[in-house]
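So the chains spell out like this:
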Amino acid sequence: MAVCIAVIAKENYPLYIRSVPTQNELKFHYTVHTSLDVVEEKISAVGKSLGDQRELYLGLLYPTEDYKVYGYVTNSKVKFVIVVDSSNTSLRDNEIRSMFRKLHNSFTDVMCNPFHNPGDPIQSKAFNGIVSGMMVQTG
């Protein structure tokens, strides 16, 4: 499962970042922000090709020695980044897609809340619960 999940606004500032274990939080912030360059590169490459414009899943952005970083972009250019442990070889591409779909659906629910101002950090308990279900349980 995921060790870090982030939601990045259209203007590239974090709306939500959660990582496990918390002592590596700064390292994951750095990993997420460095992945934004790859996300922008993939978005511009898709924009130039005449392929399917509805493909939101960007796939593996880049692997590091310890982690694999996956990306997803909504139609409104909000970016989701999931970092998984490289040692987890049982996690398949369709499972990552499923995680992004669940995250996107939960994000949509947050945005539909009339008391949430778009652009504010996400502080929804329901969204937090969905993310907690996707995170690696350390104990």
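The structure presented is a predicted model; accordingly, all values stated were derived computationally and were not measured.

Caption draft 1: Spatial organisation of the pairing of strand 3 (residues 57-63). Here strand 3 lies mainly inside the structure; five of its seven residues are buried. Bridge analysis of strand 3 against strand 4 (residues 67-73) gives five bridges, and the strand direction is antiparallel. By the bridge assignment for strand 4, Pro63 is matched with Lys68. Here strand 3 folds back onto strand 4 in antiparallel fashion, the turn holding three residues.

Caption draft 2: Local environment of the pairing of strand 5 (residues 79-85). Counting buried residues along strand 5, six of its seven residues qualify, which places the element largely inside the surrounding structure. In terms of strand pairing, strand 1 (residues 2-8) meets strand 5 through six bridges, oriented antiparallel. The partner of Ile5 across the bridge, within strand 5, is Ile82. Two strands pair when backbone bridges link them, and strand 4 and strand 5 are joined in this way by seven bridges, in the antiparallel orientation.

Thresholds applied
- Residues numbered from 1 in each chain as written.
- Predicted model: local features only at pLDDT ≥ 70, side-chain atom pairs only at ≥ 80, totals over all residues.
- Heavy atoms only, no water.
- Buried < 20%, exposed > 50% of the residue type's maximum accessible area, 1.4 Å probe, protein only.
- Helix = DSSP H or I, 4+ residues; strand = E, 2+ residues; numbered from the N terminus.
- Pairing = 2+ DSSP bridges.

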